[in-house]
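Secondary and tertiary structure notes
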Amino acid sequence: MDISNLDNLQVLNEQVMLELLGDDTSEINSFRQQFLHQAKSSLQKIAGFYREQQFKQIKDEAHYLKTSAKAIGAERCAYYLQQLEDASLELDKAQCKSHIQSLSSEIKGVFRACSAQT
Amino acid sequence: MARKEVEHVERHPKVVLLCDDVEELGGVTDVISSQITAFRTLSNYDSMQEVLLEAAPLVIIIAMSSVSRSVELYSKLAKQGVLDYPHENILLCENKESGIGFRCCMKSIFRDYFIYKPMYENYRLRMILHNALFRSKEASEVTNIREEHFGRIDDELKQLIDDAAQYHKTAEQTLKDARENLDQTEGLNEVQTALIQQLKKQHITPLLDKLESQLADSVNELTKRLKNKQISVAELSALLTERSIPNTSHHASQIKEARVVTAVKQPSYDDSYEDHLDLEPKPEPEIEERKPKNAKIMVVEDNEIYREMISKILRDEGHNVESVSSGLTAIKMLRKQKYDLIFMDLFMPELDGYNTTKNIRNIPNCKSIPIIALTSNKNKDLIRKWASLGLAAYIAKPSTKQSILKAVEKCNVHA
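Residues numbered from 1 in each chain as written. Chains lettered and ligands numbered in written order. Predicted model: local features only at pLDDT ≥ 70, side-chain atom pairs only at ≥ 80, totals over all residues.

1. Some points on the nonpolar core
We apply this condition: What makes a nonpolar core is a set of buried Ala, Val, Leu, Ile, Met, Phe, Trp, Tyr and Cys residues, with links drawn between C-beta atoms within 7 Å. With C-beta atoms placed from the backbone, the exposure class of a residue follows from how many other C-beta atoms lie within 10 Å of its own: 20 or more, buried; 12 or fewer, exposed; in between, partly exposed. Any residue pair is listed as a contact if its two C-beta atoms, each placed from the backbone, are within 7 Å.
Core analysis: the biggest nonpolar cluster contains 70 residues, and C77(A), L81(A), L84(A), I297(B), M309(B), I342(B) and F343(B) have the highest contact counts within it. If we ignore the near neighbours within four places in the chain, the residues touching F343(B) are I297(B), V299(B), V300(B), I310(B), I372(B) and L374(B). Among the nonpolar cores identified, the runner-up in size contains 46 residues, and F39(B), V71(B), I109(B) and F110(B) belong to it.

2. Remarks on the sheet that holds strand β9 (residues 371-375) of chain B
Note: strands within a sheet are paired through backbone hydrogen bonds, in either parallel or antiparallel orientation. All names here are of chain B. The following threshold applies: A pair of strands counts as paired when DSSP detects no fewer than two bridges linking them. Helical segments are the DSSP runs of H or I of at least four residues, strand segments are the runs of E of at least two, and each set is numbered from the N terminus. All axes are obtained by fitting lines to C-alpha atoms, using only the stretch in contact for helices, and the reported angles, taken between N-to-C directions, cover 0 to 180 degrees.
Strand order in this open sheet of five strands is β7-β6-β8-β9-β10, and the pairing throughout is parallel. In this open sheet, the two edge strands, each paired with only one partner strand, are β7 (320-324) and β10 (393-396). Taken pair by pair, the neighbouring strands of this sheet meet at an average axis angle of 20°, ignoring direction. Across five bridges, strand β6 (residues 296-300) lies against β7 in parallel orientation. Each bridged residue has a counterpart across the sheet, and for K296 the counterpart in β7 is N320. Here helix α12 (residues 327-336) sits on the sheet in contact with β6 and β7, set at roughly 155° to β6. Together, β6, β8 (341-345) and β9 form the strand contacts of helix α13 (residues 353-360), whose direction differs from that of β8 by roughly 150°.

3. Brief notes about the sheet that holds strand β2 (residues 39-42) of chain B
All names here are of chain B. Strand order in the open sheet formed by five strands is β2-β1-β3-β4-β5, and the pairing between neighbours is parallel. Across the chains shown, the open sheet's two edge strands, defined by having one partner strand only, are β2 and β5 (112-117). Between one strand axis and the next, the sheet turns by 20° as a mean value, whatever way the strands run. Two elements, strand β1 (residues 15-19) and strand β3 (residues 59-63), share five bridges in a ladder whose sense is parallel. Pairing of C19 across the sheet is with A63, part of β3. Across the sheet, helix α3 (residues 45-55) is in contact with β1 and β2; its angle to β2 comes to roughly 150°.

4. Focus on the interface of chain A and chain B
Between chain A and chain B, the contact holds 17 residues from the first and twelve residues from the second. Mapped onto the side of chain A that touches chain B, the elements with two or more residues apiece are α1 (14-21), α2 (25-51) and α3 (55-72) of chain A. Looking at which element gives the most residues to the side of chain A that touches chain B, the answer is α3(A), with seven residues.

5. Some points on unusual backbone geometry
Residue and element names in this part refer to chain B. A cis amide bond links K117 with the next residue in sequence, P118, at an omega value of 0°. Its location among the elements puts P118 in the loop between β5 and α6 (122-184). The omega torsion of the bond from K397 to P398 falls at 0°, within 30 degrees of zero and hence cis. Position of P398 relative to the elements: it lies in the loop between β10 and α15 (401-410). A positive phi angle, near 40°, is found at A56, a position not held by glycine.

6. Looking at the packing of helix α4 (residues 75-89) of chain A against helix α5 (residues 93-117) of chain A
Packed helix pairs are specified by the crossing angle of their axes together with the interaxial distance, meaning the distance between the axes. Residue and element names in this part refer to chain A. To keep it simple, the criterion reads: Any angle that is under 35 degrees is reported as roughly parallel, and any over 145 degrees as roughly antiparallel; angles of 65 to 115 degrees are reported as roughly perpendicular and all others as oblique. Left-handed describes a crossing whose near helix is turned anticlockwise from the far helix through less than a right angle; right-handed describes the clockwise counterpart.
With their axes 9 Å apart at the nearest point, α4 and α5 run at an angle of 165° to one another. Viewed along their axes, α4 and α5 adopt a mutual orientation that is roughly antiparallel. Remark: the crossing between α4 and α5 carries left-handed chirality. Contacts from R76, C77, Y80, L81, Q83, L84, A87 and S88 in α4 reach Q95, C96, H99, I100, S102, L103, E106, I107, G109 and V110 in α5.

7. Comments concerning helix α5 (residues 98-106) of chain B
Among the residues making up α5(B), those that are buried are G99(B), I100(B), G101(B), R103(B) and C104(B). Directly after α5(B), the chain includes S108(B), whose backbone phi takes a positive value near 65°.

8. Section: the pairing of β1(B)
Regular strands have side chains that alternate between both faces of the sheet. Residues and elements named next belong to chain B. Counting buried positions along β1 gives five out of five residues, so the element sits mostly inside the fold. On β1, burial covers both faces: V15, L17 and C19 on one face and V16 and L18 on the other are all buried. Of the strand pairs in this sheet, β1 and β2 are connected by four bridges, and their pairing is parallel. By the bridge assignment for β2, V15 is matched with F39.

See below:
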């Protein structure tokens, strides 16, 4: 999955989970719900790390969440998580803030997309 | 019964006696402990596995209630992978089964056998034990020297590869500086400047281009050769490791348990050893050869969602999957149990995939266990470094079910 170009990325690419798990809808929905819980908790952690300027922790948490974002097909979330990883590596506080805000908005988008499909 | 267990509880024994009835072996344990103090008697299967994995005793004496049970036990332990290290094994049996004991040794299932019931020659047992310890110590020392030697060669090769890369970088920078200096060089007058420019264009620039290209080719060739050497060393080391494991455990791990029982259960005291003892693996009918095998797979991934997805894909294919969230837990589990394949994440808290693999490769029964790397496309250099420890395949997350199963298939692990 190439997440380098935002224009080509979807809020929720259904194909990703279909190719991973097949067409078991209940299984897919269960993983999506798990992701939304995980994303909420991770985002709160990231915000806390940002306030304390703990860039290494921001990077680690962003990397952690990126794995499941990619796995459920939340491509735009994965993009911002990658951007956040890069910005935290460069200790760029302003960029981190911007990406955290974008990420928050994208997670809401995933939530809406999931709700629309269930 | 408990008395003997308490007497022989050495934590890192050099000799172990595996049996099902400690009380029956009072005389034997006395003889062995008079020969060596680092000795332990074990009658519980879990303890046997644990001690063999942790202590890798040099000599394993097996004295189950019958030879067939002894063969079964040794075969089971070999299949579990806890015997993949240099050791000697001795069968203890009753006089009525001496013929079978002898044939088992001729078939290379055991290195030697001793009649303990009735026990006439305790010095003979001490002699067998002494010789086994001597041979086993020598084999173990050779293994240690080999591992140290190959480890050092590998480190040196890695250093040479890094040095070559560094040299290339420095030389490239020097050439780049030379070009820049040349660009800035001007003559005292227009004629001189024109002459310099002409010289630069016709001679110096082509020379620098040629130098740069030759340098790149030479460094690439050198690095390629070093990497090939690194692979050869790793292959040779693996081959020698394979050779250092006694034939007995290879033989035993191939024995079909059911066949052992039927073959060894009909002892004939007078039989000569040429009589066919059906312990050799026979080709199975084709259908049985293709019979599905439930591979035991470990998934090491810190993200529980992705971990669960991979596990589900593998479980749905009939594999036996255990998943863990950290490299440290993986190492602990691998020390205790044998797995057929590992899926491993690169970035994990505490211990990353590279260092976890490095540790895993030091566990006796995990030197050649296939490892499939789970990672993203971005970490090519790190994956290359990781691959030097022996990766079977690499999967770019999140991947697809088809790619994941193909990678499993590539490792010769079929569901």
